[in-house]
Amino acid sequence: MSDAIAIPPLAVAGTDLALESNAVLPGGVTLTLEPPASRWSLRARTAEALGAVIGRAVPTRIGETLDGIACLGPDEWLADLPAGTVVPDGAGQPVSVVDVSARGVVIRVEGASAARVLCSGCPLDLERFAVGRATRTVFETVEVIVWREQADMFRVFVWRSFAPWLWHALKAVQLG
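On a predicted model such as this, the values are computed, not experimentally measured, just so you know.

### Structural notes on helix α1 (residues 47–54)
Here comes step 1: If you check which residues of α1 are buried, you get Ala47, Leu50, Gly51, Val53 and Ile54. Each buried residue of α1 sits inside an arc of 165 degrees when the element is viewed along its axis, so together they form one side. Facing away from the buried side of α1 by over 90 degrees, the exposed positions are Glu48 and Ala52.
Here comes step 2: In this structure, the buried side of α1 is in contact with β3 (38–44), β5 (69–73), β6 (76–81) and β7 (95–99).
Here comes step 3: Directly beyond the C-terminal end of α1, a positive phi value near 75 degrees is found at Gly55.

### Description of the side chain of Arg39
Here comes step 1: Tracing the backbone through its elements, the reader meets Arg39 in strand β3.
Here comes step 2: For Arg39, a relative accessible area of 5% puts it in the buried group.
Here comes step 3: Excluding residues that lie within four positions of it along the chain, Arg39 makes contacts with Glu34, Ala79, Asp80, Val98, Asp99, Val100, Ser101, Gly104, Val106, Arg155 and Phe157.

### Some thoughts on the sheet that holds β6
Here comes step 1: Taken together, 5 strands build an open sheet; the order of strands is β4-β5-β6-β3-β7 and the sheet is antiparallel. The open sheet has two edge strands, β4 (65–66) and β7, and neither has a second partner.
Here comes step 2: Bridge analysis of β3 against β6 gives 6 bridges, and the strand direction is antiparallel. The partner of Leu42 across the bridge, within β6, is Trp77.
Here comes step 3: Across the sheet, α1 is in contact with β3, β5, β6 and β7; its angle to β7 comes to roughly 55 degrees.

Conventions and cut-offs
- Residues numbered from 1 in each chain as written.
- Predicted model: local features only at pLDDT ≥ 70, side-chain atom pairs only at ≥ 80, totals over all residues.
- Heavy atoms only, no water.
- Buried < 20%, exposed > 50% of the residue type's maximum accessible area, 1.4 Å probe, protein only.
- Helix = DSSP H or I, 4+ residues; strand = E, 2+ residues; numbered from the N terminus.
- Arc of directions from axis to C-beta.
- Contact = heavy atoms within 4.5 Å.
- Pairing = 2+ DSSP bridges.
- Axes fitted to C-alpha atoms, helices over the stretch in contact; angles between N-to-C directions.

This is the structure we're talking about:
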């Protein structure tokens, strides 16, 4: 007899959250709730071992991104890939490949003052954060992953239970 517990799928999709899909803040900063995607938590002792299992190159330095994969720690990566993308599970290999697509949502923050909006609640100096970098951090007290795609565009990954709070907190930012 198995001791495993059946876990039902999540009842609410990220796009079903009580959020607008777009908002424009003072200063022309736009918030956009991104559509669902395939997101994977990847763990391995080395980037090379992980790359061999999933069949794609992965970044080797913490903070680097490469083709939709961010290196978040010495043995941790986040893959943010188009919806429907499947990553090999690595069964029998010394890796962990976990589908976290339903765990969170992504809020895109875009505009000339996007970094200032995020800096209002984040301890990092995102004005100096390089394009193509990603890191785990906090916005006020909520854990997020910030991924700078362009000079004026950031993607903020947040767990779905915190998404409404984060959305409204970002909308409330007053740039002085």
